[in-house]
Protein chains: 2
Amino acid sequence: MHLRIEFSYNFAIMNNNDLEQLLQDHGIKATANRLIILKALMNSSRPITMQDLTDEIESIDKSNVFRTLSTFREHGLVHVIEACDEGVMYELYRSDSNGPHNDIHPHFHCVVCHKVFCLKGVTVPKLNYPEGFDILEGSFLVNGICPECKA
Amino acid sequence: MHLRIEFSYNFAIMNNNDLEQLLQDHGIKATANRLIILKALMNSSRPITMQDLTDEIESIDKSNVFRTLSTFREHGLVHVIEACDEGVMYELYRSDSNGPHNDIHPHFHCVVCHKVFCLKGVTVPKLNYPEGFDILEGSFLVNGICPECKA
DNA sequence: ATCATTCTGCAACCGGATTGCAAACTCAAG
DNA sequence: CTTGAGTTTGCAATCCGGTTGCAGAATGAT
Ligand SMILES: [Mn+2]
Ligand SMILES: [Mn+2]
Ligand SMILES: [Zn+2]
Ligand SMILES: [Zn+2]
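Presented here is a report on the structure given in the accompanying data block. Since the structure is predicted, the reported quantities are computational estimates derived from the model, not experimental observations. (Residues numbered from 1 in each chain as written. Chains lettered and ligands numbered in written order. Predicted model: local features only at pLDDT ≥ 70, side-chain atom pairs only at ≥ 80, totals over all residues. Heavy atoms only, no water.)

1. Some thoughts on the protein's contact with DNA strand C
Alright, step 1. Taken together, the neighbourhood of DNA strand C is formed by 16 residues, with F66 and R67 of chain A together with T31, R34 and R67 of chain B sitting nearest.
Alright, step 2. Contacts to DNA strand C include T31 of chain B, whose side-chain N or O atom sits 2.8 Å from a phosphate oxygen.
Alright, step 3. Within the side chain of N64 of chain B, a nitrogen or oxygen atom sits 3.1 Å from a phosphate oxygen of DNA strand C.
Alright, step 4. Broken down by secondary-structure element, the contributors of at least two residues to the surface near DNA strand C are α4 (62-74) of chain A together with α2 (32-43) and α4 (62-74) of chain B.
Alright, step 5. Per element, the largest residue contribution to the surface near DNA strand C is four residues, and it comes from α4 of chain A.
Alright, step 6. For the surface near DNA strand C, the per-class residue count stands at four nonpolar, six polar and six charged. (Near = heavy atom within 4 Å. Polar contact = N/O pair within 3.5 Å; in protein donor to acceptor, adjacent residues only side chain to side chain. Helix = DSSP H or I, 4+ residues; strand = E, 2+ residues; numbered from the N terminus. Nonpolar A, V, L, I, M, F, W, Y, C, P; charged D, E, K, R; others polar.)

Right, here's the structure in full:
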């Protein structure tokens, strides 16, 4: 179990070597499969399920997708979103070129199309918690209807 | 599917008749099993899982616990918390004697003892969401270490 | 008492998550 | 280039919480 390391990547223009480097930076040995899965995660603007990944990547067995995602989590490369009926969804930790920062952001779950969107612009203010509770991380999920489904 | 109705109950001093009334007020027929399950929910200060309930109440089959909880949800008596690895947890909507109010509150998930606590005192401020997203309801879950497990 | 409706326990089912295991692969040492 | 230890992978089996089908029990109105 790694502590999350902050590098400054420009996620928009990553070639294969950059991806290998990204894995190495997190202490993960680069393999063909892991690069494929990493690319798929990187290409998705929204959190995705293991199911999504196994469907999209027909060449890799679901057990390997599962173990790869576990590895990525252990090494602080991805984290999970619990999205109600959608089950657990995965997304990359992204620190964009504006420099390292935690990219905690709320997520929006559309009850119609079941997609989960990242609300990157919405900042959650610090809350004051009761004494004695040590906070590690928070997650905020809102349910509703997305713009596409409303129209 | 009911709209949630707000009554003013004093949850601290409810006898059997009060519980039957609570069910009736939500359009749920009172049965022996339902009263047992309702009591168990009421006695818990924290959200609990279906597993917790079936373990605690050995006289009722898990299928009935499941269907009862579904009924309670449909009628706006309980709601669910998605708590990471703990799965879905149930808690009563509580409007205490201070009068009707929504009792939306954040929840704290202890990664050590796996309990989920209600952070009743912590109010989540209104966030401003992007255009086009219609918000129905939000849930806030923080992970960390609880006072007991820290000691 | 009768009958329609609802509730209940039991057992079976389900689907996603997880694991066991042997083959394939990697890579450093000889 | 071989060898062998350690790692990764696919496949099949398993697990397990949630869910459902169904027949008998309970309910409640006529
Ligand atoms: Mn996100
Ligand atoms: Mn609560
Ligand atoms: Zn939608
Ligand atoms: Zn704890």
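2. Notes on the coordination of the manganese ion (ligand 1)
Residues and elements named next belong to chain A.
Alright, step 1. Protein coordination at the manganese ion (ligand 1) comes from E91 (OE), E91 (OE), H105 (NE2), H107 (NE2) and C118 (SG), with a distance range of 2.0 to 2.5 Å.
Alright, step 2. Read in sequence order, the donor residues coordinating the manganese ion (ligand 1) give the pattern E-x13-H-x1-H-x10-C. With a gap of 16 residues between them, E91 in strand β3 (residues 88-92) and H107 in strand β4 (residues 107-110) connect regions that are remote in the sequence. H107 carries the same exposure label as E91, and that label is buried. (Donors = N, O, S within 2.8 Å, 3.2 Å for Na, K, Ca; no water. Buried < 20%, exposed > 50% of the residue type's maximum accessible area, 1.4 Å probe, protein only.)

3. So, the relation of the copies chain B and chain A
These two copies of the chain differ by a rotation about an axis and a displacement along the same axis.
Alright, step 1. Mapping chain B onto chain A calls for a rotation angle of 178 degrees and an axial translation of 0.1 Å; the resulting RMSD is 0.3 Å. Those values place the two copies in the arrangement expected of a two-fold rotation axis. Taking C-alpha positions as reference, the residue of chain B nearest the rotation axis is F140 of chain B, located at 2.3 Å.
Alright, step 2. When the interface residues of chain B are mapped onto chain A, 100% of them are again interface residues, pointing to one common binding face. (Least-squares fit on C-alpha atoms with pLDDT ≥ 70 in both. Contact = heavy atoms within 4.5 Å.)

4. A short note on the side chain of T68 of chain A
Alright, step 1. Tracing the backbone through its elements, the reader meets T68 of chain A in helix α4.
Alright, step 2. With residues up to four places along the chain from it excluded, the contact list for T68 of chain A reads R34 and I37 of chain A.

5. Section: the sheet that holds β4 of chain A
Alright, step 1. Here we have six strands laid out as an open sheet, ordered β5(A)-β4(A)-β6(A)-β6(B)-β4(B)-β5(B), and mixed in their pairing. Each edge of the open sheet carries a strand with a single partner, namely β5 (116-118) of chain A together with β5 (116-118) of chain B. Looking at each pair of strands side by side, their axes are set apart by 25 degrees on average, direction ignored.
Alright, step 2. In this structure, β4 of chain A lies alongside β5 of chain A, joined through three bridges in antiparallel fashion. Residue pairing across strands places H109 of chain A opposite V116 of chain A, the latter belonging to β5 of chain A. (Pairing = 2+ DSSP bridges. Axes fitted to C-alpha atoms, helices over the stretch in contact; angles between N-to-C directions.)

6. Section: the coordination of the manganese ion (ligand 2)
Tetrahedral coordination by four donors puts the ideal angle at the metal at 109.5 degrees, and octahedral coordination by six puts it at 90 or 180 degrees.
Alright, step 1. At this site the manganese ion (ligand 2) is bound by E91 of chain B (OE), E91 of chain B (OE), H105 of chain B (NE2), H107 of chain B (NE2) and C118 of chain B (SG), with donor distances of 1.9 to 2.4 Å.
Alright, step 2. Considered as a linear motif, the donors of the manganese ion (ligand 2) on their single chain read E-x13-H-x1-H-x10-C.

7. Considering the environment of G27 of chain B
Alright, step 1. Summarising the element assignment, G27 of chain B is placed in the loop between α1 (16-25) and α2.
Alright, step 2. Taking the C-alpha atoms as reference points, G27 of chain B and H75 of chain B, 48 residues apart in sequence, are found 6.9 Å from one another.

8. Describing the interface of chain B and chain A
Alright, step 1. Contacts between the two partners involve 32 residues from chain B and, on the opposite side, 33 residues from chain A.
Alright, step 2. A combined buried area of about 2,800 Å² lies between chain B and chain A, and 69% of that area is made up of carbon and sulfur atoms.
Alright, step 3. Its largest share of buried area at the contact with chain A, chain B owes to L127, F133 and F140 of chain B, together 19% of the area lost on that side.
Alright, step 4. Counting every contact that joins chain B to chain A gives two salt bridges.
Alright, step 5. Between D134 of chain B and K150 of chain A there is a salt bridge, with its nearest N and O atoms 3.5 Å apart.
Alright, step 6. Summed over the shared surface of chain B and chain A, the result is 11 residue pairs in polar contact (both at pLDDT 80 or more). (Buried area = accessible area lost by both parts, 1.4 Å probe. Salt bridge = Lys/Arg side-chain N within 4 Å of Asp/Glu carboxyl O.)

9. Quick word on the protein's contact with DNA strand D
Alright, step 1. Residues in close proximity to DNA strand D total 16 residues, the closest being T31, R34 and R67 of chain A together with F66 and R67 of chain B.
Alright, step 2. The separation between a phosphate oxygen of DNA strand D and a polar main-chain atom of S59 of chain A is 3.3 Å.
Alright, step 3. Breaking the surface near DNA strand D down by element, the ones donating at least two residues are α2 (32-43) and α4 of chain A together with α4 of chain B.
Alright, step 4. Across the surface near DNA strand D, the residue classes break down as four nonpolar, six polar and six charged.

10. As for the pairing of β3 of chain A
Regular strands have side chains that alternate between both faces of the sheet.
Residue and element names in this part refer to chain A.
Alright, step 1. By the criterion of burial, β3 is predominantly enclosed, with four of the five residues buried.
Alright, step 2. Pairing geometry for strand β1 (residues 48-49) and β3, over two bridges, is antiparallel. Bridge assignment links T49 to a residue of β3, and that residue is M89.
Alright, step 3. Examined bridge by bridge, strand β2 (residues 78-82) and β3 share five bridges and lie antiparallel to one another. Paired with V78 across the bridge in β3 is L92.

Coordinates in, geometry out; function isn't part of it.
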